[in-house]
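These are the residues of each chain, in order.
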Amino acid sequence: MIWQSLPARNLDRGELQTLVDGLANEPDRWREHIAFEGAQRHYVSLHRDEYVDVWLLCWVPGDDTGWHDHDISSGAVRVVRGAVRESNPRIGGDPAVRIVTEGGSFSFGPEHIHRLAGEDELAVSIHAYSPPLWRLGQYSIDDDGVMRRASVSYADELRPLEGSLAAQAESLAARHGSLAA
Amino acid sequence: MNRLRQDEAPVADIHQHLWPESLIAALRARSTPPRLRGWTLELAGEGEYAVDPGAHDADDRAELARSDGLDLALVSLSSPLGIESLTPAEAGDLIDAYHEGALALPEPFGAWAAACLTAVDAGALSRELGRGFVGLQLPATALLDRAGYENAGPLLEVLEDARLPLMIHPGLVARETADGQPAWWPAIVSYVQQMHAAWFAFRVHGRPRHPRLRVCFALLAGLAPLHGERFAARAGADVAGDRGVVDPGVFLDVSSYGTRAVDATVRVVGIDALVNGSDRPYAEPASLELGPAALHAIRSANAMRLLYPKEVFDDLAIASRA
């Protein structure tokens, strides 16, 4: 088992990236969970233990997580189908944006703030977090450009209410296409 | 089984108690504990307890359940009474009385079946489940070691075959723990210790024997899941290669805990394992400040995954994405 080869401690971002890259090469572990139905991301918990949790995310066009951080967790993302857009907020300017395509991966520490969106139709990505996601920081920006952070359960990100995240992202995007001051 | 859609996904409370009139009559007919004298409950381990008659009025409780926003409220036999461990004849009379009354409760009630543990009868359980119980509740005290799992094994196999869940609830408290202790002692100390032990006993003895069983531990299993670091530090060779993988067939009800303890448990096992249970009438539903997504998971989605086999839930999940 791939999990049993992991050290019994929290993983750093490099180890998480190695993990998601390794999982990408074992599609038997996740292929059956790929699903695109309806207008929302589809989330499958592939594994969770004391030290790491791993998710498969299926993105449809328009999916957008909104700005968030991962509190004390590091993370890594590997795109296994299509492309995903990652944006990092920049105060007083347009966000830093990169498109990660199939076969690409990236990692981040707990200081990282980003938003992810499906760039291609039917993108699929594998995500690993250590320690397992617990609480997230969710950011909003008011009409004066003042940014606020709300601490939310990771359920708001990965077990959202139907429509809530999409509506939230839509309203955020409509009001604040970027963090430009 | 009907297909479920999220917009119809019921809000559930999987942990309530309500003594139907038939059970009250059977308890009053007894001359030794557990028994009722009027509305005074006599228990071997916990002394006397003044029962609130209104707490067991089915119509009032149905109204209360609706005011709690529930579409489904599951009642169970009060396992701390120790009924399951009476002689087969005594246990049989009381359990039959409970079953008859529980199945006749008005909506939104459903019920967990009970079973005698001094003469395990898998066929009887199978017949009772076929009458409409959602699963089986057993006392934690019956599932603390290998002997307990050997004794209850045939019942748990019935559940696995029927793809119905097990609820593990505190059981009878030993008499000596009541000496000089306040009335709250069993709920805060004894029950918590029982559930803590039952959580680790399931890990050691239960899951290997019953790989398909879905199980729910009452009261966050006495916070046993928070002991993962201690387990890693102290379990020695037993822990080699054990990363504390979260078991997707294991659930925890939140009864009598609040935001802090539930959030701490989420940190360890994740949101998917938590299920709404209030323990009414002995406690009230907690106000959990965890946000709407977590509350939906606890009150609805996770309860459905506990109660229904995976293929039914998959339909629910697919509908939720539509």
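Procedures and definitions
Residues numbered from 1 in each chain as written. Chains lettered and ligands numbered in written order. Predicted model: local features only at pLDDT ≥ 70, side-chain atom pairs only at ≥ 80, totals over all residues. Heavy atoms only, no water. Pairing = 2+ DSSP bridges. Helix = DSSP H or I, 4+ residues; strand = E, 2+ residues; numbered from the N terminus. Core = buried A, V, L, I, M, F, W, Y, C linked by side-chain atoms within 4.5 Å. Buried < 20%, exposed > 50% of the residue type's maximum accessible area, 1.4 Å probe, protein only. Contact = heavy atoms within 4.5 Å. Patch = residues over 30% accessible without salt bridge, like charges linked within 9 Å, V, L, I, M, F, W, Y side chains within 5 Å. Areas by Shrake-Rupley, 256 points an atom, 1.4 Å probe, with all protein chains shown as cover. Salt bridge = Lys/Arg side-chain N within 4 Å of Asp/Glu carboxyl O. Lys, Arg positive; Asp, Glu negative; His and termini not counted. Charge placed at Lys NZ, Arg CZ, Asp CG, Glu CD. Axes fitted to C-alpha atoms, helices over the stretch in contact; angles between N-to-C directions.

Novice: So what exactly am I meant to see when it comes to the sheet that holds strand β10 (residues 135–141) of chain A here?
Specialist: Within a sheet, adjacent strands bond to each other through the backbone by hydrogen bonds, running parallel or antiparallel. Residue and element names in this part refer to chain A. Here we have three strands laid out as an open sheet, ordered β3-β10-β11, and antiparallel in their pairing. The open sheet has two edge strands with one neighbour each: β3 (68–69) and β11 (147–153). In the sheet, β10 pairs with β11 via seven bridges, with the strands oriented antiparallel. Note that in β11 the partner of Leu136 across the bridge is Val152.

Novice: Looking at this structure, how should I read the nonpolar core?
Specialist: Grouped burial of nonpolar side chains is what soluble globular proteins tend to show. By size, the foremost hydrophobic cluster in this structure holds 122 residues, and its most contacted members are B:Ile14, B:Leu138, B:Leu166, B:Ile168, B:Phe217, B:Val262 and B:Leu307. Excluding its chain neighbours within four sequence positions, the residues that come into contact with B:Ile168 are B:Leu138, B:Ala140, B:Leu143, B:Tyr149, B:Met195, B:Ala198, B:Val215, B:Cys216, B:Phe217 and B:Ala218.

Novice: Please clarify how a negative patch on the surface should be interpreted in this entry.
Specialist: Together, B:Glu21, B:Asp57, B:Asp59 and B:Asp60 make up a region of like negative charge exposed at the surface. With respect to the secondary-structure elements, B:Asp57 resides in the loop between β4 (47–50) and α2 (58–67).

Novice: I would appreciate a short explanation of the sheet that holds β4(B) in the present structure.
Specialist: Residues and elements named next belong to chain B. Ordered by their spatial adjacency, three strands build an open sheet running β2-β3-β4, and the pairing between neighbours is antiparallel. On the outer flanks of this sheet lie β2 (35–37) and β4, each paired with one strand and no other. Taken pair by pair, the neighbouring strands of this sheet meet at an average axis angle of 30°, ignoring direction. Here β2 runs beside strand β3 (residues 40–43); their pairing, made up of three bridges, is antiparallel. Following the sheet pairing, Arg35 is matched in β3 by Glu42.

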